[in-house]
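Geometric and topological summary
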Amino acid sequence: MLQIAAGELEKEAVAKEQEKANYLAEHCPPLSLPSSMQELQEFCKKLHAKIEEVDEERYDTEVKLQKTTKELEDLSQKLFDLRGKFKRPPLKRVRMSADAMLRALLGSKHKVCMDLRANLKQVKKEDTEKEKDLRDVGDWRKNIEEKSGMEGRKKMFEGGE
């Protein structure tokens, strides 16, 4: 069995060599360098023209390849979007205090206390002047009633209030 496989591999290698030789003979004729300077310059011009053609073809194929890969990426993104969002697995509610969570994360070695109110500052509410003025003014309706009418206006002009 192994001998048959080895024979097949040798036949394939010979066939590849023959195919390569045929391709090279067809596409690459044997090199014949001209003897005069004029003929040599003509030959160089022909070579440069062929090189330019090959470069143009290579550039065109690269552009086509980039265009098709971009199109393929766009289509795969559209396909991904059309499939929809992934389903989220249902999560279980865990009833655990902050202390218990920290103990679970840090381990039993660390003594953690999560008394958030202990670290807060104590702020005394101070009476500002604006608040005192507002309390002294009292009800706004009383002030309007005092200032309404001729007597109220007269007091304002006299400088009473």
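Cut-offs used in this document
Residues numbered from 1 in each chain as written. Predicted model: local features only at pLDDT ≥ 70, side-chain atom pairs only at ≥ 80, totals over all residues. Heavy atoms only, no water. Salt bridge = Lys/Arg side-chain N within 4 Å of Asp/Glu carboxyl O. Helix = DSSP H or I, 4+ residues; strand = E, 2+ residues; numbered from the N terminus. Buried < 20%, exposed > 50% of the residue type's maximum accessible area, 1.4 Å probe, protein only. 1 Å grid on protein atoms, 1.4 Å probe; cavity = no way out; pocket = protein on both sides within 12 Å on 5 of 7 lines; lining within 4 Å. Points joined across faces, edges and corners; volume = space filled by probe spheres on them. Nonpolar A, V, L, I, M, F, W, Y, C, P; charged D, E, K, R; others polar. Domains from an automatic or database assignment.

This part covers the pattern of salt bridges. Under the criterion given, the structure shown has three salt bridges. Arginine 58 serves as the salt-bridge partner of aspartate 55, at 3.7 Å between the closest nitrogen and oxygen. Here the residue aspartate 55 and the residue arginine 58 both occupy positions in helix H2 (residues 37–83), the gap between them amounting to three residues, near one helical turn. By relative accessible area, aspartate 55 is classed as partly exposed at 35%. Arginine 58 gets classed as partly exposed once you look at its relative accessible area, which sits at 45%. Measuring nitrogen to oxygen at the nearest pair gives 3.9 Å for the salt bridge that ties lysine 70 to aspartate 74.

The volume enclosed by the largest pocket comes to roughly 270 Å³. As for the largest pocket, its lining consists of His27, Cys28, Pro29, Pro30, Leu31, Ser32, Phe43, Lys46, Leu47 and Lys50. No other element matches H2, which puts four residues into the lining of the largest pocket. When the residues that make up the lining of the largest pocket are grouped by side-chain class, the tally is six nonpolar, two polar and two charged. When residues of the lining of the largest pocket are sorted by domain, at least three fall in each of domain 1 (1–30) and domain 2 (31–84).

Worth remembering: the numbers are spatial, not functional.
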